[in-house]
Amino acid sequence: MATLTYDYVVIGAGSAGCVVAARLSERPENKVLLLESGGADKDIMVKMPLVFTMLQYHPTLDWGLWSDPEPFANGRKIKAPRGKVLGGSSSINGMMYSRGHPSDYDEWAQMGAEGWSHDEVLPYFKKSERNWRGEGPNHGGSGPLNVIPYTSDEPITKAIRDTAQALNYRLLDDFEAGNPEGFALPDSTIRRGRRASTSQAFLTPIRNRLNLTVVTGAHVTRILIEKGRATGVEYVKDGSRQTVHADGEIVLSGGAYASPQILMLSGIGPGDHLRGVGIQVERDLAGVGQDLQEHPLVPMGFVTKKPLAFGQALRADRLTLSVLQWLLTGRGLPATVPLSNIAYHKSQPGLSRPDLETVFMAANMMAKVWFPGFRKKQPDMLTTLNVVLRPGSRGCVKLRSDDPLAPPRIQFNLLQDPDDLRLLRHSLRWTRDFVRQGALAEFVGAESFPGAALDQDAALDAYIRKTVATAHHPTSTCKMGIGADAVVDPQLRVRGIRGLRVADASIMPRLIGGHTNAPSVMIGEKVADMILGN
Ligand SMILES: Cc1cc2nc3c(=O)[nH]c(=O)nc-3n(C[C@H](O)[C@H](O)[C@H](O)COP(=O)(O)OP(=O)(O)OC[C@H]3O[C@@H](n4cnc5c(N)ncnc54)[C@H](O)[C@@H]3O)c2cc1C
C-alpha cells in the first residue's frame, strides 16, 4: 500500500493538538492529519461535568499511568491521570479555566523564550476563548472555547467570601484581569451544560472539513527521521503498523508524558539513556524528559454544621431527576462541578505574587449516591485542596524499554525540595485558621482530615508525605528555551531536527502558578500561527 502523504501530521488530539489541527486546516490548501491513540469522545460521562472525577483511571478514557515509587513521599506510587480520547486531558479534566499569573509568562521570556511574554501570549488566550464577559482587554468573545462563570447560591460559598473580606483579602470578579491574588469563583470550560473539551470546541464544528483527517485508535510508535529531518510517523492501528509521510511539518502534541516518550522512541533524547535501552541515537538532547514539574497538592476536610446542597442532591431519586433535567435542558447539578471559591495567597506578605492556592469545594468528594434503606448519606464536608504554585522539586520521564507500547517511567520527586514541604505545612495551617474565622466559623465543624490534633511540624509533615498528590499539571519535559537543556527553541522547533515541533504543556519553560489547560490551548494557537507564518 502506498504511503499516504500530508502537509502536516499532528500527533495527539489533546488540549493543544486539537487546536493545532483545527487552525492549520483553516487553509484549504493544507492537508492535515491528526493521529490520536484514544477513541471518540461520545461517552456521556465525558460530557457530564459533575462526574469528572470518575473519568480518572477509566478503563478506556485514561492512560492509567502511575509514577514510580516516590522517594520523598514514603515510596508511594502517585497517580498520573491523562486523557486517552479525543480532547485528551481536556476531556477528563476539572474544566476550571485559569491562566496563572501574568509574570509567569514574563519569566518565560526572561528565560529565553522570546515572544512568550504575557503581552505576547494574551492575544492567543483571547483568540481561543468565547468568554461569558464578551470581548474585552482580558478576554476573547468569539473564539471556539466556551467559558462560563461559576455560579453558586450555596450559603457556605458566600460565607467564604464574607470571611475573606473581613480578613482583608482581595475579592475578585475575574482571576484573569491582572493580579490574581485573592478570592474568586473560577470560570469553567462548559457549554450548554456540557464539557467544552478542545475536541468539542475545535474539532466538532469542523468535522466536515475535507482537508482534515482525524484518525482515532492510532498509537504513534515513533517519528521517522532521515538525515536530520522528520519525514513521517509510524503508528499502530488495529494491531497493524502503518506509516504516513509529512511533506511539511510534524507537530508532536502528546502531552508532558508522551511527547518526551515519543521523542526518545524516535532516537531524540539523552544519549546515554537511549543507548541504555537499545535505541539508536538520532540526536543527543539531554533535556528530553528532564525537568518534570508538578503542583503538589494535599487535601483537607471539615465536617459542616449545616447541610450542603451537594449532599442533599446526591439522594438517588433527586439525582435521577436532575440527570433527566440535564439531558433535556443542559441545566441542573450534572452541569456543574462542586466547586466554591478559589484563593491565591502568599505564604509571606513581602512576596511579589501568590505562592499558594487553596481550592474550596462545597462537597464531600468521597460522598456516594444515597437513599434511605439503601445507603446512608455521608456527612457533608467542606473539602480544600492545598497547592504549592511554583514548586522547587523536579522529576523526569524516561523509557522503561524500547517497547513503544510500554508506559513511560514517571518520577515526580514530589517534596524533594524541602521548601515545598514547608509551604504545604504553612498552607494546611493557613486553611485551618481561615475556616475558624468570621462567617465561615458558623458552618465549619470538626476537622476530619488530617485532624486538629495533628499540629506539630513533624505530624503535619508525616501527613503530607502520606497524602501528597498532584494537581495533574505536568509540564516542562520538552522545555522551550535557548540553554543547553532546552529541547525546543522559541518557535517550538526541536533543536537539531528539521520539520518537527513540539506543542503542548511539555514545552513550558517553567510551570505556571495556575491551571494548565488554557495555557496548553494558547500554546496550540501560537504554534499554528508560527507555522502559518502569521
Ligand atoms: C484529572 C485532571 C484534571 C485536571 N483539571 C484541570 C482543570 O480543571 N483546569 C485546568 O486548567 N487544567 C486541568 N488539568 C490539566 C490540563 O487538562 C492539562 O494540562 C492539559 O490538558 C494538557 O494538554 P496537552 O495538550 O499537553 O496534553 P493532553 O491534553 O493530555 O493531550 C495529549 C494527547 O496525546 C494523545 N497521545 C499520547 N500518546 C500518544 C501516542 N503514542 N499516539 C497517539 N496519541 C497519543 C493522548 O491520548 C492525548 O489525547 C487536569 C488534568 C487532569 C488529568
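Notes on the structure in this doc start here.

About the thresholds
Residues numbered from 1 in each chain as written. Predicted model: local features only at pLDDT ≥ 70, side-chain atom pairs only at ≥ 80, totals over all residues. Heavy atoms only, no water. Helix = DSSP H or I, 4+ residues; strand = E, 2+ residues; numbered from the N terminus. Rg over C-alpha atoms; globule rule 2.2 N^0.38 Å. Buried < 20%, exposed > 50% of the residue type's maximum accessible area, 1.4 Å probe, protein only. Contact = heavy atoms within 4.5 Å. Areas by Shrake-Rupley, 256 points an atom, 1.4 Å probe, with all protein chains shown as cover. Lys, Arg positive; Asp, Glu negative; His and termini not counted. Charge placed at Lys NZ, Arg CZ, Asp CG, Glu CD. Near = heavy atom within 4 Å. Polar contact = N/O pair within 3.5 Å; in protein donor to acceptor, adjacent residues only side chain to side chain. Nonpolar A, V, L, I, M, F, W, Y, C, P; charged D, E, K, R; others polar. Phe/Tyr/Trp six-rings, centres within 6.5 Å; stacked < 30°, edge-to-face > 60°. Lys NZ or Arg CZ within 6 Å of the ring centre and 35° of its normal. Axes fitted to C-alpha atoms, helices over the stretch in contact; angles between N-to-C directions. Parallel < 35°, antiparallel > 145°, perpendicular 65-115°, else oblique. Expected span 1.5 Å × (residues − 1).

So, the overall build of the protein
Logical step 1: In terms of helices and strands, the protein carries 13 helices and 24 strands.
Logical step 2: The C-alpha radius of gyration of the protein comes to 23 Å, within 12% of the 24 Å expected for a compact globule of 534 residues.
Logical step 3: Classification of the 534 residues of the protein by burial places 59% in the buried group.
Logical step 4: Taking contacts inside the protein between residues at least 6 apart in sequence as the whole, the part at least 24 apart equals 69%.
Logical step 5: Per element, the accessible surface of the protein, about 20800 Å² overall, is 52% carbon and sulfur.
Logical step 6: If you average the places of the 61 positive and of the 55 negative side-chain charges in the protein, the two averages end up 5 Å apart.

Some points on the site of the ligand
Logical step 1: The environment of the ligand is made up of 38 residues, and the closest members are Ser-15, Glu-36, Ser-89, Thr-516 and Asn-517.
Logical step 2: The side chain of Trp-63 places a nitrogen or oxygen atom 3.1 Å from an oxygen atom of the ligand.
Logical step 3: Relative to its unbound accessible area of 1000 Å², the ligand is 97% covered by the protein chains.
Logical step 4: Where the shell around the ligand is concerned, the elements lending two or more residues are strand S11 (218-226), helix H7 (255-265) and helix H13 (517-532).
Logical step 5: Here the shell around the ligand is built from residues that sort into 13 nonpolar, 21 polar and four charged.

A word on the packing of aromatic side chains
Logical step 1: Evaluation of the coordinates by the stated rule reveals 14 aromatic pairs.
Logical step 2: On the basis of an interplanar angle of 40 degrees and a centroid distance of 5.2 Å, the ring pair of Tyr-57 and Trp-66 is categorised as tilted.
Logical step 3: An angle of 10 degrees between the planes, with centres 5.3 Å apart, marks the rings of Trp-430 and Phe-434 as stacked. You can see Trp-430 and its partner Phe-434 sitting in helix H11 (residues 418-434), four residues apart, about one turn around the helix. The exposure classification of Trp-430 matches that of Phe-434, with both residues buried.
Logical step 4: Among the aromatic residues, those joined into a cluster by ring pairs are Tyr-169, Phe-183, Phe-360, Trp-430 and Phe-434.
Logical step 5: Against the face of Tyr-6 rests Lys-31, its NZ or CZ located 5.0 Å from the ring centre.

Let's talk about helix H3 (residues 102-110)
Logical step 1: Every buried residue of H3 is listed here: Pro-102, Asp-104, Tyr-105, Glu-107 and Trp-108.
Logical step 2: Just beyond H3, the residue with positive phi is Gly-112, at close to 115 degrees.

Some thoughts on the packing of helix H4 (residues 118-128) against H13
Logical step 1: As a packed pair, H4 and H13 sit with axes 8 Å apart at the nearest point and diverge in direction by 105 degrees. Taken as axis vectors, H4 and H13 run roughly perpendicular relative to one another. Residues Val-121, Tyr-124, Phe-125, Lys-127 and Ser-128 of H4 lie in contact with H13, whose contacting residues are Ala-518, Pro-519, Val-521, Met-522, Glu-525, Lys-526 and Asp-529.
Logical step 2: The class makeup of the residues in the contact of H4 with H13 is seven nonpolar, one polar and four charged.

Let's talk about the side chain of Gln-411
Logical step 1: Locating Gln-411 in the fold gives a position in strand S21 (residues 409-411).
Logical step 2: Polar side-chain contacts of Gln-411 include one of 3.0 Å to the backbone oxygen of Pro-69.

Section: helix H5 (residues 155-166)
Logical step 1: Compared with an ideal rise of 1.5 Å per residue, which puts 12 residues at 16 Å, H5 spans 16 Å between its outermost C-alpha atoms and is within 8% of the ideal.
Logical step 2: Every buried residue of H5 is listed here: Ile-156, Thr-157, Ala-159, Ile-160, Arg-161, Thr-163 and Ala-164.
Logical step 3: In this structure, the buried residues of H5 make contact with strand S6 (182-184), strand S16 (296-304), strand S18 (356-361), strand S19 (381-388) and H11.
Logical step 4: Asn-168 sits one or two positions beyond H5 and adopts a positive phi of about 70 degrees.

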